[in-house]
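# Structural overview
Residues per chain are reported as follows:
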Amino acid sequence: MSEVTILPDGVQVVAQESETLLRALAWAGLRYRVGCKRGGCGICKVQLKLGEVRYERPIAESVLSDDERVEGICLSCRAVPITNIVIELQEGDRLRRVL
């Protein structure tokens, strides 16, 4: 299990082993702007501020470039935390609680 802190709100959720960031947020009843949920559109990009993630499936260069990876950008629909992490949503995105 990994602890995920979401900025700017400071909300914390737990990601189970092999669970993507997006899935962990969904289990916690949280949502924000997402697209295809399969790693093909890039709408769910977040800034990885601290920690490490891995991808269990390849991500197309057209969706997430090497430069973006170096800058700490990751796809929340495909990124699986391997340590406790801190992420920041894109400007204009916000968390919503879903019942």
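Here we summarise the structure given alongside this text. In this text the structure is predicted, and so the values were computed from the model without any measurement.

Here we take up the pattern of salt bridges. Taken as a whole and judged by the stated rule, the model has four salt bridges. The partner of R33 in a salt bridge is D93, with the nearest N and O atoms 2.9 Å apart. Separated by 60 residues along the polypeptide, R33 in the loop between β3 (30–31) and β4 (45–50) and D93 in the loop between β8 (85–88) and β9 (96–97) bring together distant segments of the chain. Close ionic contact of E56 with R54 constitutes a salt bridge, the shortest N to O distance being 2.7 Å. Judged by its relative accessible area of 47%, E56 is partly exposed.

Formed by 26 residues in total, the largest nonpolar core has its most connected members in V4, I6, L21, Y32 and I87. The biggest single contributor to this core is helix α1 (residues 21–27), with four residues. Residues within four places of I87 in sequence aside, it is in contact with V4, T5, I6, L7, L21, V46, Q47, L48 and K49.

It is worth spelling out a positive patch on the surface at this point. Residues R23, R31, K37, R94 and R96 make up a contiguous surface patch of positive charge. Turning to its location among the elements, R96 is positioned in strand β9.

Reading guide: rules and limits
- Residues numbered from 1 in each chain as written.
- Predicted model: local features only at pLDDT ≥ 70, side-chain atom pairs only at ≥ 80, totals over all residues.
- Heavy atoms only, no water.
- Salt bridge = Lys/Arg side-chain N within 4 Å of Asp/Glu carboxyl O.
- Helix = DSSP H or I, 4+ residues; strand = E, 2+ residues; numbered from the N terminus.
- Buried < 20%, exposed > 50% of the residue type's maximum accessible area, 1.4 Å probe, protein only.
- Core = buried A, V, L, I, M, F, W, Y, C linked by side-chain atoms within 4.5 Å.
- Contact = heavy atoms within 4.5 Å.
- Patch = residues over 30% accessible without salt bridge, like charges linked within 9 Å, V, L, I, M, F, W, Y side chains within 5 Å.
- Areas by Shrake-Rupley, 256 points an atom, 1.4 Å probe, with all protein chains shown as cover.
- Lys, Arg positive; Asp, Glu negative; His and termini not counted.
- Charge placed at Lys NZ, Arg CZ, Asp CG, Glu CD.

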